[in-house]
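Structure at a glance
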Amino acid sequence: QVQLVESGGGSVQAGGSLRLSCAASGLTFTLVGIGWFRQAPGKEREFVAAISKRGGRIVYADSVKGRFTISRDNDKNAAYLQMNSLKPEDTASYYCAAGRSGHFEMKSSYEYWGQGTQVTVSS
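Structural notes, computed from the coordinates.

Procedures and definitions
- Residues numbered from 1 in each chain as written.
- Predicted model: local features only at pLDDT ≥ 70, side-chain atom pairs only at ≥ 80, totals over all residues.
- Heavy atoms only, no water.
- Helix = DSSP H or I, 4+ residues; strand = E, 2+ residues; numbered from the N terminus.
- Contact = heavy atoms within 4.5 Å.
- Disulfide = S-S within 2.5 Å.
- Phe/Tyr/Trp six-rings, centres within 6.5 Å; stacked < 30°, edge-to-face > 60°.
- Buried < 20%, exposed > 50% of the residue type's maximum accessible area, 1.4 Å probe, protein only.

With that out of the way, let us pick up the side chain of S109. Along the chain, the position of S109 falls in the loop between β9 (92-99) and β10 (112-113). Beyond its immediate chain neighbours, meaning those up to four positions away, S109 contacts G99, R100, S101, G102, H103 and F104.

Now the structure itself:
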């Protein structure tokens, strides 16, 4: 079956960096766009970044522009989220998602979701 597995989360000080990975299996990776979402305790899950099937289109939430970079390696069936200049407000569980349709900013565009990886940023 389809699996998306995130890794790379952890605890860092403000200003630090983390690189999240999303490993996909059970699907043709080139047929899906990849999105990253995050959810802090007591808050709604929000869009962070997305990348199209071949990497030609990338979208970021305003809150992470200039700090986060999304990428993918279709040869490895993997996607990544490089997070620099982390802030305490970035603290959340981060989720990788895969979807075949467009409009990747919407949660409803994604058919598959990973289990999440925790990112904690201390001030």
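Okay, back to it.
Within the structure shown, the criterion is met by one disulfide. Across a sulfur-sulfur distance of 1.9 Å, C22 and C96 are joined as a disulfide pair. Linking C22 and C96, the disulfide has an S-S dihedral of approximately -70° and is accordingly described as left-handed. With C22 in strand β3 (residues 18-25) and C96 in strand β9, this residue pair connects regions lying 74 residues apart in the sequence.

Next up on the list: the packing of aromatic side chains. In total, this model carries five aromatic pairs according to the counting rule given. Geometrically, the ring pair formed by F37 and Y110 is edge-to-face, given 5.3 Å between the ring centres and 80° between the ring planes. Taken together, the positions of F37 in strand β4 (residues 33-39) and Y110 in the loop between β9 and β10 put the pair 73 residues apart, joining distant regions of the chain. For Y110, a relative accessible area of 6% translates into the label buried.

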